[in-house]
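# Descriptive analysis of the structure
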Protein chains: 2
Amino acid sequence: MKALIEYLNSINEISSQSESALLSICSELEVKKNTDLHPIGHVCRNLYFVKNGLLRIYYLKDHIDVTESFEFENSLVARADSLFHAKPSRKAIQAIEDSNLIAINGVSLFKLYDSHPDIERLFRKVFEIAYVESVNRIESIQFHSAKERYENLLEKSPKIIRRISLKFIASYLGITQVSLSRIRADIK
Amino acid sequence: MKALIEYLNSINEISSQSESALLSICSELEVKKNTDLHPIGHVCRNLYFVKNGLLRIYYLKDHIDVTESFEFENSLVARADSLFHAKPSRKAIQAIEDSNLIAINGVSLFKLYDSHPDIERLFRKVFEIAYVESVNRIESIQFHSAKERYENLLEKSPKIIRRISLKFIASYLGITQVSLSRIRADIK
DNA sequence: CTCATTATTTAACATTTGTAAAAGGAATTC
DNA sequence: GAATTCCTTTTACAAATGTTAAATAATGAG
């Protein structure tokens with residue numbers, strides 16, 4: 001659990017008492033490659049911290065698999081809407097590499113907010129960061145050609161290109177596999 | 001200020017003591033159509049509540065004006081990244097109708113978080129809502145054709161179509177004016 | 001009201017992206 | 001290590017979107 005604590009402390013320090021309260025609602029789990037940690041249609045009941053491995057969030061658009069995001073080591077993942085409002089999610093969280101995770105139970109966490117203001121503050125900041133990132137993501141796809149989006153990704157997240165298969169990257173960029181393959185050939 | 005308080009209370013109730021603390025850091029202002037409330041390159045120092053009127057956030061991409069979002073009556077607007085981290089924003093907030101606003105000073109608000117946990121909780125929820133909305137926005141533009149994006153907008157935000165000029169809507173959807181005009185002609 | 005300006009539509013053409021199918025590579029299983 | 005399956009590239013063609021320019025339409029200023 002050390003990696004999680006370090007990660008959280010880098011965002012907002014919490015008391016050691018809060019730290020143990022938080023750890024008491026965490027559990028470790030392992031997910032094998034290609035399995036859905038959180039399937040489509042289920043209520044998301046946990047936040048997940050990726051100790052190692054790699055996850056993605058995806059959904060189906062007219063039976064086509066669309067990747068919404070990738071989640072690497074040392075990041076927190078959640079289906080926010082589903083977690084906050086206990087409603088079924090149209091999106092799944094899937095491991096695309098064998099992964100070791102820490103699950104933080106949502107309901108328990110939200111209860112801790114009442115007794116531990118520093119935990120509430122910490123997660124306020126966690127989601128503020130996520131919000132800022134998602135606004136940046138909007139900009140990166142809003143008025144850009146497929147080629148621009150790919151070059152942007154190459155620059156900002158080269159590790160995505162290295163570790164993830166083309167079919168996932170393509171829908172993440174909002175284009176088809178064929179189109180991405182073409183762009184790649186073009187750039188070389 | 002009544003509208004603001006009602007709006008905030010609908011998200012999370014706060015004590016009357018917190019309410020007056022909050023009001024003490026607010027000020028009202030009026031912005032004329034076509035003027036930048038917050039220009040590009042400036043640090044965003046306030047959150048704004050739209051009492052009436054209409055705002056948009058925009059930025060320049062290769063000298064082309066791109067609308068990131070529209071903000072109607074009864075909503076809170078901020079350039080989050082700039083506000084949270086006191087850094088200059090590449091994006092501007094502009095009035096596209098004469099508007100009456102309430103400004104909430106950022107620095108003062110963040111100070112209130114320390115003394116008023118209910119205010120911190122309130123704004124935690126404000127930004128959680130904004131986060132969920134922005135994830136939904138990503139989905140609405142990620143793997144959809146221009147026509148799908150426009151039809152989606154027609155369905156979910158008909159008021160955008162009614163009150164806002166085509167040129168702003170086009171870049172908001174990530175397409176050119178000509179393309180949007182064509183789609184409109186097509187749908188009729 | 002008229003003129004000037006700005007916004008929207010239309011047209012013709014260029015470019016990008018999608019679709020479907022086939023071929024080649026890479027990885028996995030038995 | 002052969003066979004199978006999955007992934008990526010390529011090709012040919014279709015459809016969508018961008019670009020530029022011109023024609024209308026709507027709006028606003030004097």
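Report on the accompanying structure.

Okay, helix α9 (residues 177-187) of chain B next. Residues and elements named next belong to chain B. Along α9, the residues classified as buried are S179, L180 and I183. Along α9, the residues classed as buried sweep out an arc of 95° about the axis, all on the same side. Set apart from the buried face of α9 by more than 90 degrees, the exposed residues are V178, R182 and A185. Against the buried residues of α9 lie α6 (146-156) and α8 (166-173).

Below, the discussion takes up the packing of α8(B) against α9(B). Residue and element names in this part refer to chain B. Packing of α8 against α9 brings their axes to within 8 Å, and their N-to-C directions diverge by 100°. Of the possible angle classes, the one that applies to α8 and α9 is roughly perpendicular. In contact with L166, K167, I169, A170 and L173 of α8, α9 contributes Q177, L180, S181 and R184. Considering only residue class, the contact of α8 with α9 consists of five nonpolar, two polar and two charged.

Further remarks concern unusual backbone geometry. All names here are of chain B. A positive phi angle, close to 70°, is found at N34, a residue other than glycine. Looking at the secondary structure, you find N34 in the loop between β1 (26-31) and β2 (36-38). Even without being glycine, A86 reaches a positive phi, approximately 50°. Topologically, A86 is positioned in the loop between α3 (80-85) and β6 (92-105).

Right, let's talk about the protein's contact with DNA strand D for a bit. Close to DNA strand D lie 17 residues; L166(A), K167(A), S181(A), A146(B) and R182(B) are nearest. For DNA strand D, the backbone portion of the atoms within 4 Å of the protein, that is sugar and phosphate, comes to 62%. Take R182(B): an N or O atom from its side chain is 2.8 Å from a base nitrogen of DNA strand D. For the surface near DNA strand D, the element with the most residues is helix α9 (residues 177-187) of chain A, which contributes six residues. When grouped by side-chain class, the residues that make up the surface near DNA strand D number six nonpolar, seven polar and four charged.

All right, on to the interface of chain A and chain B then. In this complex, chain A contributes 37 residues to the contact, which on the side of chain B involves 37 residues. Interface area for chain A against chain B, summed over the two sides, is near 3700 Å², with a carbon-plus-sulfur share of 58%. Contact with chain B buries surface across chain A, with Y131(A), Q142(A) and F143(A) losing the most and accounting together for 21% of the total. Applying the counting criterion to the chain A and chain B interface returns twelve salt bridges. Residue R121(B) is joined to E120(A) by a salt bridge in which the shortest nitrogen-to-oxygen separation is 2.9 Å. For the pair chain A and chain B, the number of links is 23 residue pairs in polar contact (both at pLDDT 80 or more). Looking at the side of chain A that touches chain B, the elements with two or more residues in it are β3 (46-61), β4 (64-71), α3 (80-85), α4 (106-115), α5 (117-142) and α8 (166-173) of chain A. Among the residues forming the side of chain A that touches chain B, the class breakdown is 16 nonpolar, six polar and 15 charged.

Conventions used here
Residues numbered from 1 in each chain as written. Chains lettered and ligands numbered in written order. Predicted model: local features only at pLDDT ≥ 70, side-chain atom pairs only at ≥ 80, totals over all residues. Heavy atoms only, no water. Buried < 20%, exposed > 50% of the residue type's maximum accessible area, 1.4 Å probe, protein only. Helix = DSSP H or I, 4+ residues; strand = E, 2+ residues; numbered from the N terminus. Arc of directions from axis to C-beta. Contact = heavy atoms within 4.5 Å. Axes fitted to C-alpha atoms, helices over the stretch in contact; angles between N-to-C directions. Parallel < 35°, antiparallel > 145°, perpendicular 65-115°, else oblique. Nonpolar A, V, L, I, M, F, W, Y, C, P; charged D, E, K, R; others polar. Near = heavy atom within 4 Å. Polar contact = N/O pair within 3.5 Å; in protein donor to acceptor, adjacent residues only side chain to side chain. Buried area = accessible area lost by both parts, 1.4 Å probe. Salt bridge = Lys/Arg side-chain N within 4 Å of Asp/Glu carboxyl O.

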